[in-house]
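The residues making up each chain are set out below.
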Amino acid sequence: MSILLGLIYCIFCSFVWRLRGGAWATLLNIHMGTTVTRLVSAALISLPLALWTGNLILIPLITGGLWLGLVMAGYGPYMGMGDHAITPAPTWINFFPRLFGFEPYSIKWDFAGMWFCGLLLSMFVVAGYVWLDHHWWSLLWIPLSGFGFAGIYLLASKVPDHLWPVWPGFTAKEHEVFGELGYGLLVGAMLLSLTNSL
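First, a word on what this report is: a plain description of the structure on this page. Keep in mind that what you see is a predicted model, and the values were worked out from it rather than measured. (Residues numbered from 1 in each chain as written. Predicted model: local features only at pLDDT ≥ 70, side-chain atom pairs only at ≥ 80, totals over all residues. Heavy atoms only, no water.)

### Some points on helix α6 (residues 141-157)
Piece 1. For α6, built from 17 residues, the straight-helix expectation of 24 Å at 1.5 Å per residue is met to within 8% by its first-to-last C-alpha distance of 24 Å.
Piece 2. Along α6, the residues classified as buried are Trp 141, Ile 142, Ser 145, Gly 146, Gly 148, Phe 149, Ala 150, Tyr 153 and Ala 156. (Helix = DSSP H or I, 4+ residues; strand = E, 2+ residues; numbered from the N terminus. Expected span 1.5 Å × (residues − 1). Buried < 20%, exposed > 50% of the residue type's maximum accessible area, 1.4 Å probe, protein only.)

Have a look at this one:
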């Protein structure tokens with residue numbers, strides 16, 4: 001895939017990842033429920049790569065992998081990056097930041113939680129690619145996805161909310177929205193890299 005097409009694909013993934021984060025309803029007035037929204041969004045992300053390569057196994061691999069990751073990685077309690085209007089509900093993922101003795105709902109706590117969620121979001125897809133191509137280096141994408149996920153949200157949280165642009169129904173003056181857009185770009189880059197190794 002050319003650099004230009006790759007860039008367009010990453011932007012497309014960013015857009016779709018934001019749709020998955022709530023913009024199906026707020027921008028397009030489409031209400032599918034969480035499970036269907038995750039499946040539809042993951043399928044949309046998979047289609048360009050499957051059609052470009054002619055490898056239709058990528059549709060269930062990417063769709064199923066992203067869906068499983070999203071089901072397991074309930075990252076809502078960590079998105080605030082130390083700034084929580086209300087105390088987030090407990091989640092099983094809390095064991096991970098607790099391992100390091102971080103203060104609950106501090107920046108360190110949230111960063112660790114988001115890192116673990118990023119790992120979960122990518123591991124099923126990456127494992128599927130490794131099963132297909134036996135390129136074990138691809139496993140590096142799992143921790144990189146974790147650091148990318150946490151880092152993108154942390155960087156976004158450092159920008160004052162009033163500086164974020166607003167596209168009515170699609171974005172809002174909240175760092176979480178732009179964290180979604182940023183992670184969508186990373187998802188696109190990861191999938192391009194993995195697909196180019198096939």
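So that's the structure; there's more coming.
### Some remarks on the nonpolar core
Piece 1. Membership of the largest hydrophobic core comes to 47 residues, with the highest contact counts inside it found for Trp 17, Ile 45, Ile 62, Tyr 75, Met 114, Tyr 129 and Leu 191.
Piece 2. Sorting the residues of this core by element identifies α1 (3-26), α2 (34-53), α3 (58-72), α5 (107-133), α6 and α7 (175-196) as the ones contributing at least two each.
Piece 3. Tallying contributions element by element places α5 first for this core, with 13 residues.
Piece 4. In contact with Leu 191, not counting residues within four places along its chain, are Tyr 9, Ile 45, Leu 49, Ile 62, Val 125 and Tyr 129.
Piece 5. Among the nonpolar cores identified, the runner-up in size contains nine residues, and Leu 19, Trp 24, Phe 170 and Leu 181 belong to it. (Core = buried A, V, L, I, M, F, W, Y, C linked by side-chain atoms within 4.5 Å. Contact = heavy atoms within 4.5 Å.)

### Examining α2
Piece 1. Relative to the 28 Å expected for 20 residues at 1.5 Å per residue, α2 spans 29 Å between its end C-alpha atoms, a close match to the ideal helical length.
Piece 2. In the structure, α2 departs most strongly from a straight axis at Ser 46, where the bend amounts to approximately 30 degrees and where the proline Pro 48 lies between one and four residues downstream.
Piece 3. Those residues of α2 that sit buried are Thr 37, Ser 41, Ala 42, Ile 45, Ser 46, Leu 49 and Ala 50.
Piece 4. On the buried face of α2, the contacting elements are α1, α3, α5 and α7. (Bend = angle between axes of the 7 residues up to and from the residue.)

### Examining the pattern of salt bridges
Piece 1. Applying the stated criterion across every chain yields a total of two salt bridges.
Piece 2. Between Glu 180 and Arg 18 there is a salt bridge; the shortest N-O distance is 2.7 Å. Remark: Arg 18 occurs in helix α1 and Glu 180 occurs in helix α7; sequence separation between them is 162 residues.
Piece 3. Classification of Arg 18 as buried rests on a relative accessible area of 8%.
Piece 4. Between Arg 20 and Glu 180 there is a salt bridge, with its nearest N and O atoms 3.8 Å apart. Remark: Glu 180 occurs in helix α7 and Arg 20 occurs in helix α1; sequence separation between them is 160 residues. Note on accessibility: Arg 20 and Glu 180 belong to one class, buried.
Piece 5. Through salt bridges with shared partners, a single network forms among Arg 18, Arg 20 and Glu 180. (Salt bridge = Lys/Arg side-chain N within 4 Å of Asp/Glu carboxyl O.)

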